[in-house]
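For reference, the chains in residue letters:
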Amino acid sequence: MKHGDHLFLVDGSGYIFRAYHALPPLTRKSDGLPVGAVSGFCNMLWKLMVSARDTSVGVTPTHFAVIFDYSSKTFRNELYPEYKANRSAPPEDLVPQFAIIREATRAFDLPCIEMEGFEADDLIATYARLAREAGGDVTVISSDKDLMQLVGPQVSMYDSMKDRQIGVPEVIEKWGVPPEKMIDLQALTGDSVDNVPGIPGIGPKTAAQLIEEFGDLDTLLARAGEIKQTKRRENIIEHADKARISRELVRLRDDVEVPEPLDALVLNPPDGPKLVAFLKGMEFTSLTRRVAEATDTDAGAVDAAEVAIDAGEEMRGPDLDPGQAKSAGEAAGAGDSPSFDTPQALAKRRAEAAVGAKIDTSAYETLRDIEELKSWCAMARERGIVAFDTETTSLDAMQADLVGFSLAIPLSAPEAGDLTVRACYAPLAHSNGVGDLLGGGGDQPGQMPLRAALDELKGLLEDPSVLKIGQNLKYDMLVLARYGVSIESFDDTMLLSYVLDAGVGGHGMDALSERWLGHKPITYKDVAGSGKSAIPFAEVAIDKATAYAAEDADVTLRLWHVLKPRLAADGLTRVYERLERPLAKVLMHMERRGIRVDRQILSRLSGELAQGAAALEAEIQELAGESFNVGSPKQLGDILFGKMGLPGGSKTKSGQWSTSAQVLEDLAAAGHELPRRIVDWRQLTKLKSTYTDALPGFINPETNRVHTSFAMAATTTGRLSSSDPNIQNIPVRTAEGRKIRTAFIAEPGNVLISADYSQIELRVLAHVAHIPQLTQAFADGVDIHAMTASEMFGVPVEGMPSEVRRRAKAINFGIIYGISAFGLANQLGIERSEAGDYIRKYFERFPGIKDYMEATKAEARDKGYVTTIFGRRAHYPEIRSSNPQMRAFNERAAINAPIQGSAADIIRRAMVRMEPALEKAGGHTRMLLQVHDELIFEAPEAEAEKVIPLIVEVMENAALPALDMAVPLKVDARAAKNWDEAH
DNA sequence: CCTATCTCTTA
DNA sequence: GTAAGAGATAGGT
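This text gives an overview of the structure that appears in the document. Predicted model, so just to flag it, every value in this text is computed and none were measured. (Residues numbered from 1 in each chain as written. Chains lettered and ligands numbered in written order. Predicted model: local features only at pLDDT ≥ 70, side-chain atom pairs only at ≥ 80, totals over all residues. Heavy atoms only, no water.)

**Looking at the protein's contact with DNA strand C**
Thought 1: Looking at DNA strand C, there are 33 residues lining it, with S632, D724, A810, G814 and F822 nearest.
Thought 2: The sugar-phosphate portion of DNA strand C accounts for 74% of its atoms within 4 Å of the protein, the bases making up the rest.
Thought 3: N726 has a polar side-chain atom sitting 2.9 Å from a sugar or linking oxygen of DNA strand C.
Thought 4: Those elements that place two or more of their residues in the surface near DNA strand C are α25 (633-643), α27 (673-692), β15 (721-723), α32 (802-816), α33 (821-828) and α36 (884-919).
Thought 5: The biggest single contributor to the surface near DNA strand C is α36, with 5 residues.
Thought 6: Among the residues making up the surface near DNA strand C, the classes are represented as 9 nonpolar, 19 polar and 5 charged. (Near = heavy atom within 4 Å. Polar contact = N/O pair within 3.5 Å; in protein donor to acceptor, adjacent residues only side chain to side chain. Helix = DSSP H or I, 4+ residues; strand = E, 2+ residues; numbered from the N terminus. Nonpolar A, V, L, I, M, F, W, Y, C, P; charged D, E, K, R; others polar.)

This is the structure we're talking about:
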């Protein structure tokens, strides 16, 4: 570099955040990938590269570089651990743009520079000094005040969004001090965003005035006693040390050993085809056209580059030769000829390449010390992508302690054929299983200290510029949360599989590995044993644990390469991005909070139930004339239908007489005493064993609350399921059962709020099937079942007999379930022929329903799946079965899935939006549980009244703005001390 | 000890 | 008629 040369330094990280907030949100048309900041970035780069002379910069660059922050952890954290500690995670739709912007930089053939331990600002300061010393001029493309200390005769700044040059006069005008005093000024004012303390009560105006008066910070601090204003004087004296620390935090380092020499930053003419391919892939049409014209490229002849969401690897893949990972800052070689694909072609190729992957479990490494771990973290950062898995002591994430973790990093692009993966396991808390009652086993040798390893891991997992890939990451996040570690920027292979293939098969890692890789991973049983002889994972020998754990990370990474491209290829990006991935964290928080359950209430109920059941059992034995196991359907059947000779109803699959409640009720109605007692006995013992006895065992000893586990990928339709304990089947229908709900309580000073959607599935049906009468009825807010009865039977709603309404209600539910005459007859206790008449009548009155059902069945038959209103798919591969029963069952399920699934999508949307919305009411209300159409919250008494309308609003508007439903959604919400009264 | 069956709870 | 999870029993391993 020489006199007359001009270096442009773009503050890439700063630009991303500014553009995100300043520019209107923009998404890629084909798949909804958020690209607003990327678009602004590309336009800015292009403008600066080719026509900076026409802007207020007024010069053409000869050298050019884009600088990024490497990670959130820098040398400043050593000075002051709280530095940038309060910065919150970037918005969900900004995260994927970090990686894309790096890729954009490469597409422009510009050096992309970042360095561990330093902020972008330090690299900018260093390059600015080097250029200055070489006699060149510098323009820093940023408007960040932190960089203004660099401004001087040879260095100026440029605000590209306002097209405004920032020189010495501009800095003085804005801050009241010249650039060289900016450090002192910022030391006094501090910075709440970066958590730089400064001196309380001193803002920019006061700081400028003080610096003007005393000359510089040291003089000011030395002579602070002279300040007249009492409070200000005391503050400055008391917080002088804070100001000194602040000064070191804001002072930029200009002596960094930068990764590229100045001369490597020479600006080359853009590579037209390469850049056009990228811009086309991003669907930036007008910029594509401008670039194509300026570089004399035939845009029509260039294939769009595939740029996938969160792409760490995709972005780097096409222009990367296998095994030749480029170091940070190295520009992509201009001579590479990129191979670009349609999403479908890429997905297909990946799937084919993945089968029979060479997985060698003996090649995995065991990380024994921090240095090794550091080097793996650095490698992960360089690739921008890492698969991650934890090993723990328990399946219950709320009680699991960390035993170790594994990482897997792709070394080559899979386009090169076989994907090359390096994987490792870091054991942290393995013990010798020889401990007896007196002394626990000691640590196995060769493990690094847990705390130090966690610190290192935290830096990687919380770095949003590195994509973390896991299988069921909600579990890992839950475990890590207890160690103060979160995961920012992630993909979950279980959720990917669920979005792509719900209904096709399981989504567990072993199933996915066999399905996609043709590989059977080592099972947990293989390393830990099973049953009584099982040992805790912590006692597994480290070499065995390494093979098992590292393989999980390896397999997860390979699965991601197969599954992720399918998202764009199948148009399911939106479902994954909006309904699945963000919900994982929401559920993690809900599970972590748990709900308070009153032991005393349950124990009292248990006693009452035991008494009642014992009394009934005595009567039952008396009536039966012998003692038998009342809980055994087989023995009971022998008594009822053998010994007593009662008329048997239906038989079970295995040929046994059924003793179901339905059969017993019928016998009771015919005047038999014993069946009635059995029904009552079963109710009491069910409540006792499943609820009052089992629930206390789920109270976590640490938190004293019950933490259910929500499964995100368990149902075909998109509903959640709940287990350990299942809180989605807590009794409500009978008075006896409802007593169990009184044990679910709020903490003192708080209330529980229950908010549930009214008739959400019928509303969804009205919307998807376009039923005018239903739509109108919901708009008018009338009783929907009475309206149905009125339409069908010609009975006026006024004074309608309850039996008539009951039948209409059963029909409405039947429709949602994919009605059959058999089922409806069963439900209503009427003849099949009569039920058939009802159904015919219903279809006459609501012909749209019949059309919807036929169309849905046809869709399922043709495509193998049906779709919810938000695009979620539910697969029914057996719908083409030659078995008529099997076929009919699948048809009914297919009819139900879009209705149940759309309702599930709606509440998922509400849940994703709920947490930020609750902040507005004071921020102390916490979402605890979901029961399909109901959300349960815990709120301080003082906040409840304020938060209820907010909750209702979020839920009622959950479909918007993506979808403006033909039917309004209605939510009822109530607060009380316990769940029974709130519901 | 593990798995299948039956029953019952919810939306 | 849809979607789930769980407890008790019974029978095979």
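Here the narrative resumes, following the displayed structure.
**Section: the protein's contact with DNA strand B**
Thought 1: Near DNA strand B there are 23 residues, and of these T652, S654, V732, R733 and D933 occur at the shortest range.
Thought 2: Take the atoms of DNA strand B that sit within 4 Å of the protein: sugar and phosphate atoms are 81% of them.
Thought 3: At a separation of 2.8 Å, a phosphate oxygen of DNA strand B approaches a polar backbone atom of T659.
Thought 4: One of the side-chain N or O atoms of K686 is found 3.0 Å from a base oxygen in DNA strand B.
Thought 5: For the surface near DNA strand B, the element with the highest residue contribution is α27, accounting for 4 residues.
Thought 6: Of the residues that constitute the surface near DNA strand B, the class distribution is 6 nonpolar, 10 polar and 7 charged.

**A few points about the sheet that holds strand β2 (residues 63-67)**
Thought 1: Strand order in this open sheet of 6 strands is β3-β2-β1-β4-β5-β6, and the pairing throughout is mixed. With partners counted over all chains shown, the strands left at the sheet margins are β3 (112-113) and β6 (164-166), one partner each.
Thought 2: The pairing of strand β1 (residues 6-11) with β2 spans 5 bridges and is parallel. The partner of L7 across the bridge, within β2, is H63.
Thought 3: With respect to the sheet, helix α1 (residues 12-22) is in contact with β1, β2 and β5 (155-159), its orientation differing from that of β1 by roughly 50°. (Pairing = 2+ DSSP bridges. Contact = heavy atoms within 4.5 Å. Axes fitted to C-alpha atoms, helices over the stretch in contact; angles between N-to-C directions.)

**Focus: the nonpolar core**
Thought 1: Counting 192 residues, the largest nonpolar core has Y757 and M911 as the members making the most contacts within it.
Thought 2: The dominant element in this core, judged by the number of residues it contributes, is α36, at 10 residues.
Thought 3: For this core, the domains that each give at least three residues are domain 3 (351-432 + 442-571) and domain 4 (596-704).
Thought 4: Filtering out sequence-adjacent residues up to four positions away, Y757 remains in contact with I906, I907, A910, D933, M955, E956, A958, L969, K970 and V971.
Thought 5: Y127, A187, I202 and F214 belong to the second largest nonpolar core, which has 51 residues in total. (Core = buried A, V, L, I, M, F, W, Y, C linked by side-chain atoms within 4.5 Å. Buried < 20%, exposed > 50% of the residue type's maximum accessible area, 1.4 Å probe, protein only. Domains from an automatic or database assignment.)

**Overview of the sheet that holds strand β20 (residues 926-930)**
Thought 1: Judged by pairing direction, the sheet is antiparallel, and its 4 strands sit side by side in the order β20-β21-β17-β22 without closing on themselves. Each end of this open sheet is capped by a strand with a single partner; those strands are β20 and β22 (971-976). On average, adjacent strands in this sheet sit at an angle of 20° to one another, irrespective of strand direction.
Thought 2: One ladder, built from 7 bridges, connects strand β17 (residues 750-757) with strand β21 (residues 934-940); its direction is antiparallel.

**Comments concerning the pattern of salt bridges**
Thought 1: For the structure shown, the criterion picks out 60 salt bridges.
Thought 2: As a salt-bridge pair, D401 and R482 come within 3.4 Å of each other at their nearest N and O atoms. You can see D401 sitting in the loop between β8 (385-392) and β9 (402-410) and its partner R482 sitting in the loop between α18 (473-481) and β12 (490-492), a full 81 residues away along the chain.
Thought 3: For D401, a relative accessible area of 37% gives the class partly exposed.
Thought 4: Notably, a salt bridge pairs E761 with R719, separated by 3.4 Å at the nearest N-O pair. With E761 in helix α29 (residues 760-768) and R719 in the loop between β14 (709-711) and β15, the pair connects residues that are 42 residues apart, well separated along the chain.
Thought 5: Take R719: its relative accessible area is 24%, and that puts it in the partly exposed class.
Thought 6: Here the salt bridges share partners, and the residues they tie into one network are R596, R705, E747, R926 and E938. (Salt bridge = Lys/Arg side-chain N within 4 Å of Asp/Glu carboxyl O.)

**Description of the environment of L636**
Thought 1: Tracing the sequence through the fold places L636 in helix α25.
Thought 2: Taking C-alpha positions, L636 is 21 Å from T690, a pair spaced 54 residues apart along the chain.
Thought 3: What L636 contacts, discounting residues up to four positions off in sequence, is F628, T659, I678 and R682.

**Considering the pairing of β5**
Thought 1: With 5 of its 5 residues buried, β5 lies for the most part within the structure.
Thought 2: Burial along β5 is two-sided: V155, M157 and D159 and S156 and Y158, pointing in opposite directions, are all buried.
Thought 3: As defined by bridge partners, strand β4 (residues 137-141) adjoins β5 across 4 bridges and the pair is classed as parallel. The partner of V140 across the bridge, within β5, is M157.
Thought 4: Taken together, the 3 bridges between β5 and β6 define a ladder with antiparallel strand orientation. Directly across from D159, in β6, lies its bridge partner R164.
Thought 5: The hairpin formed by β5 and β6 contains 4 residues between the paired strands, and D163 there has a positive phi angle of roughly 45°.

**A word on the side chain of R873**
Thought 1: On the secondary structure map, R873 appears in strand β19 (residues 873-875).
Thought 2: Using a relative accessible area of 14% as the deciding quantity, one classes R873 as buried.
Thought 3: Within the structure, the side chain of R873 is placed 3.0 Å from the backbone oxygen of D570, a separation counted as a polar contact.
Thought 4: Apart from the residues lying within four places of it in its own chain, the contact partners of R873 are A502, D570, L572, T716, Y865, V866 and T867.

**A look at the packing of aromatic side chains**
Thought 1: Using the criterion set out here, one finds 14 aromatic pairs in the structure.
Thought 2: Relative to F118, the ring of F75 has its centre 5.7 Å away and its plane inclined at 50°; by these criteria the two rings are tilted. Placement of F75 in helix α3 (residues 75-79) and of F118 in the loop between β3 and α5 (120-133) is noted, with a sequence separation of 43 residues between them. The residues F75 and F118 share a single accessibility class, namely buried.
Thought 3: The interplanar angle of 70° and the centroid separation of 5.5 Å between the aromatic rings of F793 and Y838 together place this pair among those described as edge-to-face. In this pair, F793 sits in helix α31 (residues 784-793) while Y838 sits in helix α34 (residues 832-845), placing the two residues 45 residues apart along the sequence.
Thought 4: Following the ring pairs from residue to residue traces out a cluster consisting of Y524, F537 and Y548.
Thought 5: A cation sits over an aromatic face here: R102 above F68, 4.7 Å from the ring centre. (Phe/Tyr/Trp six-rings, centres within 6.5 Å; stacked < 30°, edge-to-face > 60°. Lys NZ or Arg CZ within 6 Å of the ring centre and 35° of its normal.)

These figures capture arrangement, not role.
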